[in-house]
Amino acid sequence: MSVKNNKKILVTGATGQIGSELVPELRRIYGLDNIIVGVHKKKPVNDLLEGPSVYIDVVNKKTIETAVENFDIDTIYHLAAILSVAGENDPWLAWKINVEGTYNILEVAREKKISKIFCPSSIAVFGSETPRVNTPQNTVMQPRTIYGITKVTGELLCNYYFNKFNVDVRGLRYPGIISNKTLPGGGTTDYAVEIFYEAIQNKKYVCFLEPNTILPMMYMPDCIKSTIMLMNTDLSKLNYHSNYNVSAFSFSPENLYDEIKKFIPTFEIIYKPDYRQKIANSWPQTINDSDARNDWGWNPDFNLTKMVEDMIITLSKKINS
Ligand code: VAH
């Protein structure tokens, strides 16, 4: 099935944790030649090397305009972003990439009449004043990380472009995403990926969060499923645009350790909380995603047990091959 009139889909940040798995799924659905891999500093590897790609620096609007014109782009999945930890280390870069970059994408979408834009948000939009249990769709958003601030700004900017210019931009407040294909970079939830590599390779992990730090998480297949489901939902069914809450499950490092030990009984964990604990403490523990479930049928496939089993089996094969 090809995209309408063989129009093309551009994925910015395509070599990142989510992009590396979204691109193959979009190619499976719409055809290899209809998905344009947007590349900046991190070069594509493995299957991402197949198919068309283009240099995209989201801070340089001309690169976006050129790509849209040269490839006749009809849809953009805008994944290029600086995450929470990397953002605290360089808040100025985080603002440029996450806000100015999103502004450039929205401006090109407005000028070139792009049909649809996906621009992810994050549970990082919530801060310490937000109810942390069953966090609602509409609530206080006073994040203290620059990442969270850029994501609140992004949500508001995207909704403005939808209401003012009819740009069909959609987004999800992603929880922590766990994947077995590409290591994440610069996130507070990265422990939930690192721990699997350390458990399999070294049977020991030093965790940078306290054992009882509960955070909302999602397995990558469900992240990809929720993203494509939202983009393929008829606009008339959407009561929100840039910022649907979505979730799958929540767990603490202690919960995750107990699940991994079922597969690796000799696995040991040590807790050495660091500066990332303060970020995690400001985020929700569980998310209310009833609007996503009611408006467009969201329903995750993986729970904690199924995710751990799949991660252990997949990574064990990858590491021991
Ligand atoms: C981070 N993985 O840790 C990202 C995500 C909700 C967490 O936004 O920064």
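The following refers to the structure shown. (Residues numbered from 1 in each chain as written. Predicted model: local features only at pLDDT ≥ 70, side-chain atom pairs only at ≥ 80, totals over all residues. Heavy atoms only, no water.)

### Some remarks on the packing of helix H8 (residues 253-261) against helix H11 (residues 304-320)
Direction vectors running N to C along H8 and H11 enclose 55°, while the axes themselves pass 10 Å from each other. Compared by their axis directions, H8 and H11 come out oblique. When you trace H8 past H11, the crossing you get is right-handed. Between H8, through Asn255, Leu256, Glu259 and Ile260, and H11, the contact on the second element is made entirely by Leu304, Thr305, Met307, Val308 and Ile312. (Axes fitted to C-alpha atoms, helices over the stretch in contact; angles between N-to-C directions. Helix = DSSP H or I, 4+ residues; strand = E, 2+ residues; numbered from the N terminus. Parallel < 35°, antiparallel > 145°, perpendicular 65-115°, else oblique. Left-handed = near helix turned anticlockwise from the far one by under 90°. Contact = heavy atoms within 4.5 Å.)

### Description of the nonpolar core
Soluble globular proteins: nonpolar side chains tend toward being buried together. Formed by 42 residues in total, the largest nonpolar core has its most connected members in Ile178, Tyr191, Phe196, Phe251, Leu256, Ile260 and Met307. Sorting elements by how many residues they give to this core places helix H6 (residues 191-202) first, with eight residues. Lining this core are residues from two domains, each supplying at least three of them: domain 1 (8-174 + 220-245) and domain 2 (177-217 + 248-287 + 297-320). Beyond its immediate sequence surroundings of up to four residues, Leu256 is in contact with Tyr191, Ala192, Ile195, Phe196, Phe251, Leu304, Met307 and Val308. Counting residues in hydrophobic clusters, the runner-up holds 33 residues, among them Val37, Ile228, Leu238 and Val246. (Core = buried A, V, L, I, M, F, W, Y, C linked by side-chain atoms within 4.5 Å. Buried < 20%, exposed > 50% of the residue type's maximum accessible area, 1.4 Å probe, protein only. Domains from an automatic or database assignment.)

### Some thoughts on helix H7 (residues 220-231)
Under the 1.5 Å per step criterion, the end-to-end length of H7 is 17 Å for twelve residues, consistent within 8% with the ideal 16 Å. H7 sits mainly inside the fold: nine of its twelve residues count as buried. Looking only at H7, the buried set comprises Met220, Asp222, Cys223, Ile224, Ser226, Thr227, Ile228, Leu230 and Met231. (Expected span 1.5 Å × (residues − 1).)

### Digging into the pattern of salt bridges
A full pass over the atoms with the stated rule returns 15 salt bridges. Between Lys112 and Glu69 there is a salt bridge, with its nearest N and O atoms 2.4 Å apart. One end of the pair, Lys112, is in helix H4 (residues 91-112); the other, Glu69, is in helix H2 (residues 61-71), with 43 residues separating them in the sequence. Accessibility expressed as a relative area gives 44% for Glu69, which makes it partly exposed. As a salt-bridge pair, Arg110 and Glu107 come within 2.8 Å of each other at their nearest N and O atoms. Note that Arg110 and Glu107 are positioned in helix H4 at a spacing of three residues, about one turn of the helix. Among the ionic contacts, a cluster of salt bridges with common partners joins Lys61, Glu65, Glu107, Arg110 and Glu111. (Salt bridge = Lys/Arg side-chain N within 4 Å of Asp/Glu carboxyl O.)

### As for the pairing of strand S10 (residues 204-207)
Burial of S10 is one-sided: the residues Tyr205 and Cys207 facing one way are buried, the residues Lys204 and Val206 facing the other way are not. Direction of pairing for S10 relative to strand S14 (residues 268-271): parallel, over a ladder of four bridges. Residue pairing across strands places Cys207 opposite Tyr271, the latter belonging to S14. (Pairing = 2+ DSSP bridges.)

### Thoughts on the sheet that holds strand S13 (residues 249-251)
Pairing within the open sheet is mixed, and its three strands lie in the order S9-S11-S13. Looking along the sheet, the strands with just one partner apiece sit at the ends: strand S9 (176-178) and S13. Mean inter-strand twist for the sheet, computed between neighbouring axes without regard to direction, equals 45°. Across three bridges, strand S11 (residues 215-219) lies against S13 in antiparallel orientation.

Taken by themselves, the reported measurements are silent on function.
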